[in-house]
Amino acid sequence: SCRILVMISGNGSNLQAVIDSCDSKMPGRVVGVISNKADAYGLIRAHHAEIDTSCVIARKEESRAQYDARLQAAIDRYQPDLIVLAGFMRILSDELVSRYQGKMLNIHPSLLPKYPGLDTHKRAIEAGDSEHGASVHFVIPALDSGPVILQAKVPVFADDTVATLAARVHEQEHAIYPIVVRWFCQGRLKMVDGKAWLDDEAIGPNG
Ligand code: GAR
């Protein structure tokens, strides 16, 4: 069964969705949760599910390379087959990402390639977009630009605020992330030649 490691920084609602999807029909289980924040609520979710947790907190005057070396050690202790970034709000070095290439997924709150980076809901509202959403993608060294596996779209309404739009997107994130995790654990999902493949077919908006 697939050893899933989830990395978080905050609330961990996507972590919860992945935990909840690990029923008897899921060929995988969450073996650990790593947070870069000691007060991340997702750590409490992990405790409730009796999942092992680690915190790797950035130290003052520590370089990215030094932090990522400690993070890599923490990751490798879990011997994961799959790393699921779920609101992990730190940029990872190219070296660390390359080490887990094809085994690391991220969820991003926009219809990539639109709005990489932060404040995606605010940017979608300010641009007057009529639709917005979330994307699950393989992680590659370039930020928020790995091959997209699955997206969910939501409408943007005229009276939306960041909070109402974010809530609508979140609900979709919780639906699509477990689907992708399941595909991976079933051995159906791979990254080949920089593209996402499902059952030997290139998929995604650029498949
Ligand atoms: C999610 O909306 C996720 O898409 C976003 O953080 C939120 C985490 O929520 N990720 C990013 O912005 C990555 N740059 P959660 O902690 O409740 O799962």
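What you are looking at is a predicted structure, and each value in this text was computed from that prediction instead of being measured. (Residues numbered from 1 in each chain as written. Predicted model: local features only at pLDDT ≥ 70, side-chain atom pairs only at ≥ 80, totals over all residues. Heavy atoms only, no water.)

Q: Can you walk me through the confidence of the model for the protein in this structure?
A: Low-pLDDT portions of the prediction should not be read for the details of their coordinates. Confidence along the protein averages 97 in pLDDT terms, with 99% of residues attaining 70 or more. Across the predicted assembly, pTM comes out at 0.97 and ipTM at 0.99. (pLDDT = per-residue confidence, 0-100.)

Q: Where do I start with the pairing of strand 6 (residues 131-138) in this structure?
A: Looking down a regular strand, the side chains alternate between one sheet face and the other. For strand 6, the tally of buried residues reaches seven of eight residues, placing the bulk of the element in the interior. Two strands pair when backbone bridges link them, and strand 5 (residues 104-108) and strand 6 are joined in this way by four bridges, in the antiparallel orientation. When the sheet's bridge partners are listed, His108 is paired in strand 6 with Ser135. Relative to strand 7 (residues 148-155), strand 6 is paired through seven bridges, and the arrangement is antiparallel. For His132, the partnering residue across the bridge sits in strand 7 and is Val154. (Buried < 20%, exposed > 50% of the residue type's maximum accessible area, 1.4 Å probe, protein only. Helix = DSSP H or I, 4+ residues; strand = E, 2+ residues; numbered from the N terminus. Pairing = 2+ DSSP bridges.)

Q: What exactly am I supposed to notice about the UniProt feature "binding site: N(1)-(5-phospho-beta-D-ribosyl)glycinamide" (unreviewed entry) in the protein here?
A: Mapped onto this structure's residue numbering, the UniProt feature "binding site: N(1)-(5-phospho-beta-D-ribosyl)glycinamide" (unreviewed entry) falls at Gly12, Ser13 and Asn14. Inspection of the secondary structure assignment puts Gly12 in the loop between strand 1 (2-8) and helix 1 (13-21). A relative accessible area of 8% means that Gly12 is categorised as buried. Relative to the helices and strands, Ser13 is located in helix 1. On the basis of relative accessible area, Ser13 is assigned to the buried category, the value being 14%. Excluding residues that lie within four positions of it along the chain, Ser13 makes contacts with Arg45, His170 and His174. (UniProt positions renumbered as here; feature names shortened; annotations may be inferred. Contact = heavy atoms within 4.5 Å.)

Q: Which parts of the structure should I look at to understand the sheet that holds strand 4 (residues 82-85)?
A: To summarise the sheet geometry, strands pair through backbone hydrogen bonds and adopt either a parallel or an antiparallel arrangement. The strand order across the open sheet built from seven strands is 3-2-1-4-5-6-7, with neighbouring strands paired in mixed fashion. Lying at the two open borders of the sheet, with one neighbouring strand each, are strand 3 (53-55) and strand 7. Within this sheet the neighbouring strands show an average axis-to-axis angle of 20°, counted without direction. For strand 4 and strand 5, the ladder comprises three bridges, and the chain directions are parallel. When the sheet's bridge partners are listed, Val84 is paired in strand 5 with Leu105. (Axes fitted to C-alpha atoms, helices over the stretch in contact; angles between N-to-C directions.)

Q: Just checking my understanding: could you explain the state of the cysteines for this structure?
A: A disulfide bridge is the covalent bond that connects two cysteines by way of their sulfur atoms. Overall, the coordinates contain zero disulfides when judged by the stated rule. The structure places no disulfide on Cys185, whose sulfur is separated from the nearest cysteine sulfur, that of Cys2, by 3.4 Å. (Disulfide = S-S within 2.5 Å.)

Q: How do you make sense of the packing of helix 1 against helix 6 (residues 162-185) when you look at a structure like this?
A: What describes two packed helices is the angle between their axes and the distance between those same axes. At their nearest, the axes of helix 1 and helix 6 sit 9 Å apart, and the two run at 45° to each other. Taken together, helix 1 and helix 6 sit at an angle that is classed as oblique. Here helix 1 and helix 6 pass one another in a crossing that is right-handed. Contacts from Ser13, Asn14, Ala17, Val18 and Ser21 of helix 1 reach helix 6 at His170, Glu173, His174, Tyr177, Pro178, Val181 and Arg182. (Parallel < 35°, antiparallel > 145°, perpendicular 65-115°, else oblique. Left-handed = near helix turned anticlockwise from the far one by under 90°.)

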